[in-house]
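Close look at the chain arrangement
The lines below spell out each chain.
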Amino acid sequence: MYRIPVPLSYIIIMDFEGAVKYLKGYLNCADFAFTQYVLKTFDLERIRDFLRKMGVDYNSLKFVHVAGSKGKGSTSKMIADYLFAKGYKTGLYTSPPMFEVTECFWLDGKDIEKERFAKMVENLKKFIDENGCELTYFELMTVLSFQYFVEEEVDYVVLEVGLGGRLDATNVVTPQISVITTVEKEHSEILGDNLSDILDEKLGIVKEGIPTIVGFQSEEGMSLAKEKLCDKDFVTYVEEEDTPLLGSVNVAKIKNGKTAYLALKTMLKEVDENLFVRIFDEFKLLGRFDIRYIDGKTVVFDMAHTENSIENLIDGLKRLYKGKKFVFLVSILKGKEISAILRLIGKSAEKVVLTSSHIERGYTGKELSEFIDGEVIENTEEAYQKILRELKRDQVMVVTGSHFLLSKIMPR
């Protein structure tokens, strides 16, 4: 059983806060260091059975399924934005949220209302009380998303994988198209300690005969992907396809845009290029090269947490802020390529401040300081305010390395 007992005081009244607390009473695999990603721990039949008993006919929905280490959130949102703009009733399921759990359930440009979410969780609790439950937090969130989109009778659901792909709760669906964004070494304690093993997990969403788009990869990653998918004639690689001319200083945004465009073109056969370019040009996603002007100073928030994404972030910073110096505030979770990430930051930063943003899953600032010469301030808010206070006119503050770091200090 995966459930942790929840104090009754949390669930007497199922308001929004009570609903969130109730769900968090179920373990979240991302918060624990599993030594193996194994079938006996993550069995997709459990969530299938749960959905059947609840009567959630998720097979009635059309899905776009997106996996990857980096870019899956942006790619998913671009696809959803285009479908919505074309008049399709469109749902988007992503994780984790930056501030509120309602961000995970997006429908036609809006997050689910807190009251609706609380009511759904209240009904879910009644079902669980009568039938039992062995699902994790993320699996229950996935169940709720399916129920929400079925009730709303959406035309398309863009579904972002939570972790890995092969055994992720979202992989119970048979999509219209599967999309693999950039794959890198991450979650090595769960998915594997080499790129080939991690790629196997991501490619686990590929289903025979279902059109599949493989986005931009490293040279090694693309070679491995082509080797693993060599007999699949339904797979298309973004590097080999023409896409509209997309302009941006953000290399990652361009790569994600081209992947999203090709996925849409493959699925819909035709894409309004003018509309897509407009959506791309106007596209912004919370915490992705997110530029804010605070107290007259420039702060860039970016949840980059892999070697490639940090490289793309630094490239974008240098293009946009020529002649400026960069002060980095960094926190990194365990299981990441810590040495490579900090080496890249060290080459580009005038100053680095190291902090801790997650007690269980993150490195402390002191532990990070073993890999790079930087100031250690363990209190995240204190570190952020100190940099902001001391930031000079010729400097740009860059907050990066972890979604949890951004969620603690980024203005809403």
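The following paragraphs examine the structure supplied in this document. (Residues numbered from 1 in each chain as written. Predicted model: local features only at pLDDT ≥ 70, side-chain atom pairs only at ≥ 80, totals over all residues. Heavy atoms only, no water.)

**Some thoughts on the sheet that holds strand 11 (residues 325-330)**
Spelled out, the test is: Here, a strand pair is defined by DSSP locating no fewer than two bridges between the strands. In DSSP terms, a helix is any run of H or I states spanning at least four residues, a strand is any run of E spanning at least two, and both are numbered starting from the N terminus. We call two residues contacting when some pair of their heavy atoms lies within 4.5 Å. Note on geometry: axes are C-alpha line fits, over the in-contact stretch for helices, and angles between N-to-C directions span 0 to 180 degrees.
Strands sit in the order 9-10-14-11-12-13 across an open sheet of six strands; the sheet is mixed. Here the strands that pair on one side only, and so sit at the sheet edges, are strand 9 (290-294) and strand 13 (375-376). Taken together, the six bridges between strand 11 and strand 14 (residues 395-400) define a ladder with parallel strand orientation. Counterpart to Phe 328 in the pairing with strand 14 is Val 398. Against the sheet, helix 12 (residues 338-348) contacts strand 11, strand 12 (351-354) and strand 14, and its axis sits at roughly 150 degrees relative to strand 11.

**Some thoughts on the nonpolar core**
What counts here: As used here, the term nonpolar core means buried Ala, Val, Leu, Ile, Met, Phe, Trp, Tyr and Cys residues forming a set that is joined through side-chain atoms within 4.5 Å. Here the term buried applies to any residue with accessible area under 20% of the maximum for its type, exposed to any over 50%, and partly exposed to those in between, with areas from a 1.4 Å probe on protein chains only.
Counting residues in each nonpolar core, the largest one holds 46 residues, and the members touching the most others are Leu 23, Phe 50, Phe 117, Leu 140, Met 141 and Phe 146. At the level of elements, helix 1 (16-23), helix 2 (44-54), strand 3 (105-107), helix 4 (114-131), helix 5 (137-151) and strand 5 (156-160) are the ones that each hand at least two residues to this core. Of all the elements, helix 5 adds the most residues to this core, at nine residues. Not counting residues up to four positions away in its chain, the partners in contact with Phe 50 are Leu 124, Phe 127, Ile 128, Gly 132, Cys 133, Leu 135, Leu 140 and Val 143. Formed by 30 residues, the second largest nonpolar core is a distinct cluster that contains Met 78, Tyr 261, Met 267 and Phe 276.

**Quick word on the pairing of strand 10 (residues 297-302)**
With respect to burial, strand 10 is a largely interior element, five of its six residues being buried. Inspection of the sheet shows strand 9 paired to strand 10 by five bridges, in the antiparallel sense. Counterpart to Arg 292 in the pairing with strand 10 is Val 299. From the end of strand 9 to the start of strand 10, which pair antiparallel, there are two residues, and Asp 295 there has a positive phi angle of about 55 degrees. As paired elements, strand 10 and strand 14 share four bridges and run parallel to each other. Within the sheet, the bridge partner assigned to Val 300 lies in strand 14 and is Val 398.

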